[in-house]
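Now for the letters of each chain:
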Amino acid sequence: MKYVALIPARLGATRFPAKLMASLKGKSVIRRTYESAVKTGLFDEVVVVTDSDIIWDEIMQIDGKAVKSLGEYESGTDRIAEVAAEMNADVFINIQGDEPFVQREPLEKLLQVFEGRDADHIQVASMVQLLTDPQLIEDPNYVKVAMDRHNNALFFSRSVIPYPRNTGITIPYYEHIGVYAFRKKALMSFTLWPITPLEAAEKVECLRFLEHGVSIRMIITNYMGIEIDTPEDIIKAEKLMELKGWV
C-alpha cells in the first residue's frame, strides 16, 4: 500500500501567531514536524502544504517537499485535500504542522488499521492518548474524545466529556492527537461538505465526518509529545526535549 503524509501549515494562528516558525531549540516547529515525519520511514512521500511563502522557503531550504495551496481553507484537512486530489495513494495521513514530536510506533499502529481484518470498513482513523491531569481535562485547548466499545469516536469536544455526573465510577479521559488517516474517497468527500454546526461550534474539524455518518476509528497510543498551541507550549516542549535527550 502507498502511504503519503501531508502536513497542513498555515502561518496565521489565533492563539499563537506564526507558531509554526517559532524556534524550538534552534529549529522551527514546522521543520521539526517535517523532519520527524520523514524520520519514521513509513511514508512514500512527506509534503508540507502551506499558504505561506515563509514556510515554503523554510522547508525548501532543507531540501524538503512543500507546495503552496491555492485556496483559503477553514481546516487543515480541506487544505491537504487540494493536493491529495492530484496524487495517487491508498491512504493519506494528515499530520498537523504543530506536532513536532511525531514518532514511528504510534503512526505505524494507525496505518495498520487499514490492513487489518475489518480494514474495508474503515475510511478514517485517528489517535488518542490517556489524559490524567485534571487541569488539562478541563482545558479547552485539549480536545477530548468519547469512544464506543470498538474504539470508534462518538464525539469530540473541548468540554469535559464524559461529564462526571456519577462520581462513583472511574472514567478514562482521552485527548485527541492531531493526526488523521483517510482513504482518498473519504478525504475528497470531506471537501464537498459544508462546515457542519457541531464543527463550527467546537472548532474541531473531524466532527464534520461524524455529522455525515462517517465513523472514525481511534487508536489508543502512548504519549507522543506536545502539540504547540501557545507560547507556553514551546517552554514545555523544550523541557520535554531535555528530558528525552532529543536534539
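Quick caveat: nothing in here was measured; it's all calculated off a predicted structure.

Visitor: Would you explain the pairing of strand β9 (residues 153-157) in this entry?
Guide: Bridging between strand β8 (residues 144-147) and β9 involves four bridges; their strand directions are antiparallel. Bridging from a neighbouring strand, Lys144 pairs with Ser157 of β9.

Visitor: How do you make sense of the packing of helix α1 (residues 29-39) against helix α2 (residues 53-60) when you look at a structure like this?
Guide: Any two packed helices are characterised by how steeply their axes cross, that is the angle between the axes, and by the distance between the axes. Relative orientation of the contacting elements α1 and α2 amounts to 45°, with a least axis distance of 10 Å. Taken together, α1 and α2 sit at an angle that is classed as oblique. When you trace α1 past α2, the crossing you get is right-handed. Facing Ile30, Arg31 and Tyr34 of α1, the residues of α2 in contact are Ile55, Glu58 and Ile59.

Visitor: What should I look at first to understand the packing of aromatic side chains in this one?
Guide: Inspection of the entire model under this criterion finds five aromatic pairs. Between the aromatic rings of Trp193 and Phe209, the centroid separation amounts to 6.1 Å while the plane-to-plane angle is 85°, which identifies the pairing as edge-to-face. Note that Trp193 is positioned in the loop between α6 (184-192) and α7 (197-202) and Phe209 in helix α8 (residues 207-211), a separation of 16 residues in sequence. Judged by relative accessible area, Phe209 falls into the buried class, the value being 1%. Taken together, the aromatic side chains of Tyr180, Phe182, Phe190, Trp193 and Phe209 make up a single cluster linked through ring pairs. One residue, Arg208, lies across the ring of Phe190, its end atom 3.8 Å from the ring centre.

Visitor: Is there a simple way to explain α2 in this structure?
Guide: Residue pairs three or four apart in sequence face the same way in an α-helix, which turns once every 3.6 residues. All of the buried residues along α2 are Ile55, Glu58 and Ile59. Looking straight down α2, one finds its buried side chains confined to an arc of 90°; they lie on one side. Elements that come into contact with the buried residues of α2 comprise β1 (3-9), β3 (27-28), α1, β4 (45-50) and β5 (66-68). Near the N-terminus of α2, the side chain that reaches the backbone nitrogen of Ile54, with its oxygen 3.1 Å away, is that of Ser52.

Visitor: Before we go on, may I ask you to explain the nonpolar core in this structure?
Guide: Within soluble globular proteins, side chains that are nonpolar tend to cluster in buried spots. Membership of the largest hydrophobic core comes to 42 residues, with the highest contact counts inside it found for Phe43, Val48, Ile93, Ile95 and Val179. Val49, Ala89, Phe92 and Leu207 belong to the second-largest nonpolar core, a separate cluster that totals 31 residues.

Visitor: Teacher, can you tell me more about the packing of helix α3 (residues 76-84) against α6 here?
Guide: Two elements in contact, α3 and α6, have axes whose closest approach is 9 Å; the angle formed by their N-to-C orientations is 120°. The angle between α3 and α6 falls in the class oblique. The handedness of the crossing between α3 and α6 is left-handed. Only Lys184, Leu187, Met188, Phe190 and Thr191 of α6 make contact with α3, whose side of the interface consists of Thr77, Asp78, Ile80, Ala81 and Ala84. Here the residues of the contact of α3 with α6 sort into six nonpolar, two polar and two charged.

Visitor: What am I meant to see in the side chain of Glu58 here?
Guide: Summarising the element assignment, Glu58 is placed in helix α2. Arg31 provides the closest opposite charge to the buried, salt-bridge-free Glu58, at an N-O distance of 5.3 Å. Leave out the neighbours within four places in its chain, and Glu58 touches Met21, Ser28, Ile30 and Arg31.

Visitor: I keep staring at the pattern of salt bridges and nothing clicks. Help me out?
Guide: Proximity of charged atoms lets side chains of opposite charge pair with each other. Tallying each qualifying case throughout the model produces twelve salt bridges. In this structure, the salt-bridge partner of Glu242 is Lys25, at a minimum N-O distance of 3.0 Å. Of this pair, Glu242 sits in helix α9 (residues 231-244) while Lys25 sits in the loop between β2 (23-24) and β3, placing them 217 residues apart in sequence. The class for Glu242 is exposed, based on a relative accessible area of 54%. For Lys25, a relative accessible area of 37% corresponds to the partly exposed category. For Arg208, the salt bridge identified is with Glu199, shortest N-O distance 2.8 Å. Given the relative accessible area of 6%, Glu199 is considered buried. Salt bridges here are not isolated pairs; linked through shared partners, they connect Lys19, Asp98 and Asp229.

Calculation notes
Each chain has its residues counted from 1, following the order in which its sequence is written. Reporting of local features is limited, given that this is a predicted model, to residues whose pLDDT is at least 70; pairs of side-chain atoms are given and counted only at 80 or more, and all residues count toward the totals for whole chains, interfaces and linings. Here the side-chain values reflect all heavy atoms present in the structure, with hydrogen atoms and water set aside. Between any two strands, pairing holds if DSSP finds at least two bridges. Working definition: helices are DSSP H or I runs of at least four residues, strands are E runs of at least two. Numbering for both runs from the N terminus. To get an axis, fit a line to the C-alpha atoms, keeping to the stretch in contact for a helix; angles then go from 0 to 180 degrees between the N-to-C directions. Here is the rule for angles: anything less than 35 degrees is roughly parallel, anything more than 145 is roughly antiparallel, 65 through 115 is roughly perpendicular, and the remaining ranges are oblique. Helix crossings get a hand from a simple test, with the near helix turned counterclockwise from the far one by less than a right angle marking a left-handed crossing and a clockwise turn marking a right-handed one. Between two residues, a contact is recorded if the distance between any of their heavy atoms is within 4.5 Å. Working definition: rings of Phe, Tyr and Trp (its six-membered ring) pair if their centres are within 6.5 Å, and the pair is stacked with planes under 30 degrees apart, edge-to-face with planes over 60 apart, and tilted otherwise. Between buried and exposed lies partly exposed: a residue is buried under 20% and exposed over 50% of the maximum accessible area for its type, with that area taken using a 1.4 Å probe on protein chains only. Consider the ring centre and the ring normal. A charge sits over the ring if Lys NZ or Arg CZ is within 6 Å of that centre and within 35 degrees of that normal. Throughout, the arc means that of the directions going from the helix axis to the C-beta atoms. Polar contact is defined as a pair of N or O atoms within 3.5 Å, subject to the rule that within protein one atom must be able to donate a hydrogen and the other to accept it, and that residues adjacent in sequence are counted only when both atoms are side-chain atoms. To form a nonpolar core, buried Ala, Val, Leu, Ile, Met, Phe, Trp, Tyr and Cys residues must be joined to one another through side-chain atoms within 4.5 Å. Residue polarity follows a fixed list, in which Ala, Val, Leu, Ile, Met, Phe, Trp, Tyr, Cys and Pro are nonpolar, Asp, Glu, Lys and Arg are charged, and the others, Gly among them, are polar. For the purpose of charge, His is not counted, nor are the chain termini; Lys and Arg are scored as positive and Asp and Glu as negative. Here, a salt bridge means any Lys or Arg side-chain nitrogen found within 4 Å of an Asp or Glu carboxyl oxygen.

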